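Residues per chain, in single letters:
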Amino acid sequence: MGSITNSQKALLIGLVGVVIAVMSILYVAKPNMDDVSRIKSENQTLQARLVELQGKQAKRDQYLAETEEYQGKFDDIMNSFPADLNQEISIMFLQGIKEDYEFDVTSLGLGEKEQFYTLGVGGGDAALTDGSTTDTAATTEATTTEVTTATTETTTAADGTTDVAENATDAGYQCYRAAFPIEYTGSYSAIKDIVSYVDTYTDRMTVDSIEIAYDAEDNLYTGKMNLMCYAIESPDRSPRSIDLDDVEVGVGNIFEGGSGSASGSDSSLNKYDENDGAAIVNSYDFYALLNPSGSDVSAKVVGQNGSGKDASVISNSDNSVSTLSFDFYEEDGKTYCKYVLDNSTSYTAEVTSAEDIKVLLQSSAKKDEEDKVGVRVTINNTSKLPVYVKVADDDASSGRVNVASKSGSVKIYK
């Protein structure tokens with residue numbers, strides 16, 4: 001075998017150099033080039049994002065002002081819907097008709113409330129009761145989404161907080177409705193006034209249908225009107241307190257007028273008006289005590305005042321809002337009080353007072369946000385004795401006591 005010539009050696013060295021160069025490109029230069037390309041692409045994306053955020057930052061005050069404006073409009077709409085559908089709303093609606101219009105309601109129906117919609121907030125879907133959904137984000141994008149998003153991003157970039165984003169994603173609002181059919185008699189002008197009254201009523205209400213029959217001989221209009229009441233419930237909305245003190249009670253039919261019995265009109269229930277019923281705190285017939293959650297005593301204690309009345313006490317320690325009803329009635333010439341806690345525990349006591357009945361709802365301040373103790377109270381009085389109720393020491397910012405409804409001769413002091 002002959003020796004390798006110089007030209008062959010040079011060729012071999014050249015081939016080795018090519019192989020080394022190719023290997024360097026494949027395993028060293030190419031990954032670096034890929035990294036450079038990726039970093040350039042990311043840099044371009046971030047630069048575009050930076051320019052976008054800088055533009056939004058320049059309009060920060062505008063976005064915040066628009067957000068406040070839209071929030072105000074949202075609150076105005078929400079405030080036109082009550083936070084609950086209760087009997088007080090219906091009573092006050094009818095009271096307004098009775099006082100201001102020549103329009104007589106001869107028959108009234110109060111339908112059960114039904115949930116028909118879930119209003120999503122912060123770009124969520126709004127669910128209908130049939131299981132379908134409507135894309136809230138799509139329908140509101142043009143007016144609110146851009147502003148909300150921009151404001152959220154700007155706030156986060158500026159001070160590290162996410163308050164706006166958290167507010168924008170609160171839980172949905174549960175929408176309820178209830179049928180409110182009435183039969184009526186009245187003049188034609190009164191019917192038009194009632195339609196206008198419904199349209200401008202404080203709480204959201206609509207006229208779903210109306211039937212009108214005309215009696216030419218008596219120049220009288222009769223018919224049916226189907227109203228629909230609406231409410232939006234949410235944990236952050238509290239039912240407002242409705243004062244029924246000026247509503248006449250004591251007659252057999254609220255639609256027949258009359259001044260009511262002497263003890264039936266709340267305007268005549270003024271015996272303990274001094275200091276808003278403070279005297280009841282020291283002298284009462286029945287009581288309900290509300291204590292903070294985790295106390296050594298039960299959270300809710302209800303009973304009859306007086307010595308030897310231990311058997312009358314009912315209670316529970318649930319850290320929740322309970323239902324509590326007081327029913328005052330007469331039987332066999334005697335007056336009784338039946339009180340029921342959470343529709344499960346009850347006690348019936350004979351009323352010993354001969355002049356009136358006094359009830360103390362003794363509340364207390366809440367110790368923290370986890371303290372949920374409270375009661376939703378209903379009071380029904382069909383006895384001849386007036387009932388005076390004092391709500392004492394309720395939490396100023398988040399009350400434990402909600403007097404949901406009352407009927408008969410009942411006066412509430414808070």
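Before reading on, note that the structure itself is shown above.
I will try to describe carefully the structure that is included in this document. (Residues numbered from 1 in each chain as written. Predicted model: local features only at pLDDT ≥ 70, side-chain atom pairs only at ≥ 80, totals over all residues. Heavy atoms only, no water.)

**Observations regarding the overall build of the chain**
For the chain, the count of helices and strands is six helices and 18 strands. Counting across all 414 residues of the chain, residues that qualify as buried make up 33%. At a minimum sequence separation of 6, the contacts of the chain that also span at least 24 residues come to 69%. Accessible surface computed for the chain: about 24,100 Å², of which carbon and sulfur atoms make up 50%. (Helix = DSSP H or I, 4+ residues; strand = E, 2+ residues; numbered from the N terminus. Buried < 20%, exposed > 50% of the residue type's maximum accessible area, 1.4 Å probe, protein only. Contact = heavy atoms within 4.5 Å. Areas by Shrake-Rupley, 256 points an atom, 1.4 Å probe, with all protein chains shown as cover.)

**Focus: the sheet that holds strand β17 (residues 401-407)**
The five strands lie next to each other as β13-β12-β11-β15-β17, forming an open sheet whose pairing is mixed. Looking at strand neighbours, the two that pair on one side only are β13 (345-350) and β17, the edges of this open sheet. Looking at each pair of strands side by side, their axes are set apart by 15° on average, direction ignored. Where strand β11 (residues 321-331) meets strand β12 (residues 334-341), eight bridges bridge the pair, whose relative direction is antiparallel. Following the sheet pairing, S325 is matched in β12 by V340. (Pairing = 2+ DSSP bridges. Axes fitted to C-alpha atoms, helices over the stretch in contact; angles between N-to-C directions.)

**Some remarks on the sheet that holds strand β9 (residues 300-304)**
Reading across from one edge, β10-β9-β8-β14-β16-β18 is the order of the six strands in this open sheet, with mixed pairing throughout. At either margin of the open sheet sits one strand with a lone partner, and together these are β10 (314-316) and β18 (410-413). Between one strand axis and the next, the sheet turns by 10° as a mean value, whatever way the strands run.

**What to know about the packing of aromatic side chains**
Working definition: an aromatic ring pair is given by the centre-to-centre distance plus the angle between the planes. Scanning the entire structure with this criterion turns up 13 aromatic pairs. Look at F116 and Y230: their rings are 5.8 Å apart centre to centre, the planes differ by 70°, and that puts the pair in the edge-to-face class. One end of the pair, F116, is in strand β2 (residues 114-119); the other, Y230, is in strand β7 (residues 220-233), with 114 residues separating them in the sequence. A relative accessible area of 17% means that Y230 is categorised as buried. With 5.8 Å between their ring centres and 25° between their planes, Y329 and Y336 make a pair best called stacked. (Phe/Tyr/Trp six-rings, centres within 6.5 Å; stacked < 30°, edge-to-face > 60°.)

**Digging into the pattern of salt bridges**
Evaluated as defined, the whole model comprises 10 salt bridges. E52 serves as the salt-bridge partner of R49, at 3.1 Å between the closest nitrogen and oxygen. Residue R49 and its partner E52 are located together in helix α1 (residues 6-58), separated by three residues, close to a single helical turn. On the accessibility criterion, E52 (35% relative accessible area) is partly exposed. R400 is paired through a salt bridge with D371; the nearest N and O atoms lie 2.7 Å apart. Within this pair, whereas R400 is found in the loop between β16 (387-392) and β17, its partner D371 is found in the loop between β14 (357-362) and β15 (374-381), the two being separated by 29 residues in sequence. Taking relative accessible area as the criterion, R400 reaches 2% and is therefore assigned buried. Accessibility expressed as a relative area gives 2% for D371, which makes it buried. Each of the salt bridges in this network shares a partner with another, and the network as a whole consists of K271, D285, E355, D356 and K358. (Salt bridge = Lys/Arg side-chain N within 4 Å of Asp/Glu carboxyl O.)

**What to know about the side chain of S363**
As for its placement among the helices and strands, S363 is situated in the loop between β14 and β15. Beyond its immediate chain neighbours, meaning those up to four positions away, S363 contacts L290, A392, D393, D394, D395, R400 and V401.

**Some remarks on helix α6 (residues 188-199)**
Taking 1.5 Å per residue as the helical rise, α6 with its 12 residues ought to reach 16 Å, and the 17 Å between its terminal C-alpha atoms agrees with that figure. By the burial criterion, the buried members of α6 are A190, I191, I194, Y197 and V198. Projected down its long axis, α6 shows its buried positions confined to an angular sector of 120°, all on one face. (Expected span 1.5 Å × (residues − 1). Arc of directions from axis to C-beta.)

**Some remarks on the nonpolar core**
With 27 residues, the main nonpolar core has F286, F326, F328 and L361 as its most contacted residues. At the level of elements, β8 (286-290), β11, β12, β14, β15, β16, β17 and β18 are the ones that each hand at least two residues to this core. Setting aside anything within four residues of it in sequence, one finds F326 in contact with F286, V302, C337, K338, Y339, V359, L361, V377, T378, I379 and N380. One finds L85, I97, F180 and Y221 within the second-largest nonpolar core, a separate group that totals 23 residues. (Core = buried A, V, L, I, M, F, W, Y, C linked by side-chain atoms within 4.5 Å.)

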